[in-house]
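Residue-level structural notes
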Amino acid sequence: MGFVATFGAPGMTMNYRGRLAPSPTGYLHVGHAITFWQAFTRARAAGGRLVLRIEDLDPARCRPEFREAIAEDLRWFGLEWDEGPDLGGEFEPYVQSERRLAYLGAWQKLRAARLIYPCRCSRRDVLASAGAPHGEGNEPVYPGTCRMEAGEIAAAEAPAGVNWRFRVPDGETLHFLDGRLGRQSAVAGQQFGDFLVWRRDDVPSYQLAVVVDDATMRITEVVRGADLLVSTFRQLLLYRALQVAAPAFFHTALLKDATGRRLAKRDAALSLRALRGSGVTAEELRAKFL
Ligand code: GLU
């Protein structure tokens, strides 16, 4: 029998805690804003709290000026939050680049449990590996080249210098109940493979950081775009490995253009800033996309 994450009625607890988790890699896109609006209205409807968390772990892609711009654009769009970088609160800091120790603690726990292993394959090796099947979202399923016996895992003191991957339980079917999409399932090792928890350039992976943060910040419902559905299964494995309860999940629909094509995140014309510059109001955007 597969691992079933069990939750209460998604989000409808007295202590609802939601979050907005933008990455300051560019100006806020209308797709993100619409997802964040749904996170905001679900938190308000549940009488809960909303946390703003800045996901700035990738030094090559994140820029401080985008962080300021995102907060300004969120406010222009009509969003408000109750906890975050500038508001103080029990869980400060809310900026991922300031939370390294928390991620390191999780890495140590996973290594001690022999659930992760060092991987020396380059991205190119993974792409080139003969017959590497492609999982959801076209990401190759890691063929397990560097997997090793639990006893062999080096007693490294620190993660830097090599990639670290989580060993997924091949063939296990994982399930969760999505607040919008209903029951979701995926088979580990088929739809997704061993994934990174720490990068060789000494940056924790998105998967690890987001799980540590959502758990520490006691998030009860994660509202985010449906492009992250497969990541939710990876994250459920991390919750289980770290022995913390998983939140509920609500994956929002991805925005499409008039011809039904998914709106590209990179399209600068669809940043809130550009739309606002062209005279569009926040109300018009909500009316069009919600
Ligand atoms: N920081 C991610 C993004 O901007 C969102 C991650 C999440 O919601 O789990 O796409």
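Just so we're clear, the structure is a prediction, and the values are computed from it rather than from any experiment. (Residues numbered from 1 in each chain as written. Predicted model: local features only at pLDDT ≥ 70, side-chain atom pairs only at ≥ 80, totals over all residues. Heavy atoms only, no water.)

**A word on the side chain of Asp73**
- Tracing the backbone through its elements, the reader meets Asp73 in helix α2 (residues 64-77).
- For Asp73, a relative accessible area of 0% puts it in the buried group.
- Apart from residues lying up to four places away in sequence, Asp73 is in contact with Leu28, Leu272, Arg273 and Arg276. (Helix = DSSP H or I, 4+ residues; strand = E, 2+ residues; numbered from the N terminus. Buried < 20%, exposed > 50% of the residue type's maximum accessible area, 1.4 Å probe, protein only. Contact = heavy atoms within 4.5 Å.)

**Here we look at the site of the ligand**
- For the ligand, the full set of nearby residues is Arg19, Ala21, Ser23, His32, Glu55, Tyr206, Val210, Arg224 and Leu228.
- A distance of 2.6 Å separates a nitrogen atom of the ligand from a polar side-chain atom of Glu55.
- In isolation the ligand has 300 Å² of accessible area, and contact with the protein removes 86% of it.
- Split into classes, the residues belonging to the shell around the ligand amount to four nonpolar, two polar and three charged. (Near = heavy atom within 4 Å. Polar contact = N/O pair within 3.5 Å; in protein donor to acceptor, adjacent residues only side chain to side chain. Areas by Shrake-Rupley, 256 points an atom, 1.4 Å probe, with all protein chains shown as cover. Nonpolar A, V, L, I, M, F, W, Y, C, P; charged D, E, K, R; others polar.)

**Considerations on the confidence of the model for the protein**
- Chain-level statistics for the protein give a pLDDT mean of 90 and a share of 92% at 70 or above.
- Confidence drops under a pLDDT of 50 for residues 1-11, and excluding neighbours within four residues, the segment shows 23 contacts in the predicted structure. (pLDDT = per-residue confidence, 0-100.)

**What about helix α6 (residues 229-242)?**
- Between the first and last C-alpha of α6 there are 20 Å, a value that for 14 residues agrees with the 20 Å anticipated at 1.5 Å per step.
- Buried residues dominate α6, accounting for 13 of its 14 residues.
- Phi turns positive, to about 60°, at Gln243, one or two residues after α6. (Expected span 1.5 Å × (residues − 1).)

**Points about helix α1 (residues 30-45)**
- The end-to-end C-alpha distance of α1, which contains 16 residues, comes to 22 Å, matching closely the 22 Å that a straight helix rising 1.5 Å per residue would cover.
- With 12 of 16 residues buried, α1 is to be regarded as a mostly interior element.
- Looking only at α1, the buried set comprises Val30, Gly31, Ala33, Ile34, Thr35, Phe36, Trp37, Gln38, Ala39, Phe40, Arg42 and Ala43.
- Directly after α1, the chain includes Gly47, whose backbone phi takes a positive value near 65°.

**What about the packing of aromatic side chains?**
- For the structure on display, the rule yields eight aromatic pairs.
- Between Trp107 and Trp164 the ring centres are 5.1 Å apart and the planes differ by 90°, which places this aromatic pair in the edge-to-face class. Of this pair, Trp107 sits in helix α3 (residues 100-112) while Trp164 sits in strand β5 (residues 163-166), and the two are 57 residues apart along the sequence. Like Trp164, Trp107 is buried. (Phe/Tyr/Trp six-rings, centres within 6.5 Å; stacked < 30°, edge-to-face > 60°.)

**So, unusual backbone geometry**
- One non-glycine residue, Arg114, lies in positive phi territory at about 60°.
- Its relative accessible area of 32% is what places Arg114 among the partly exposed residues.
- Despite not being glycine, Asp202 has its phi angle at roughly 70°, a positive value.
- Mapped onto the fold, Asp202 is located in the loop between β8 (195-198) and α5 (206-216).

**Observations concerning empty space enclosed by the protein**
- Applying the stated criterion to the full structure yields one cavity of 30 Å³ or more.
- The volume enclosed by the largest cavity comes to roughly 60 Å³.
- In this structure, the largest cavity is lined by Leu52, Ile54, Arg67, Glu68, Ala71, Pro85 and Asp86.
- Ranked by residue count, the leading element in the lining of the largest cavity is α2, at three residues.
- For the lining of the largest cavity, the class distribution of residues is four nonpolar, no polar and three charged. (1 Å grid on protein atoms, 1.4 Å probe; cavity = no way out; pocket = protein on both sides within 12 Å on 5 of 7 lines; lining within 4 Å. Points joined across faces, edges and corners; volume = space filled by probe spheres on them.)

**Examining the packing of α3 against α5**
- Axis separation between α3 and α5 bottoms out at 10 Å; the angle between their running directions is 105°. One way to sum up the angle between α3 and α5 is to call them roughly perpendicular. Packed against α3, whose contacting residues are Ala102, Tyr103, Ala106, Trp107 and Leu110, the element α5 presents Leu208, Ala209, Val212 and Asp213 at the interface.
- In terms of residue class, the contact of α3 with α5 is built from eight nonpolar, no polar and one charged. (Axes fitted to C-alpha atoms, helices over the stretch in contact; angles between N-to-C directions. Parallel < 35°, antiparallel > 145°, perpendicular 65-115°, else oblique.)

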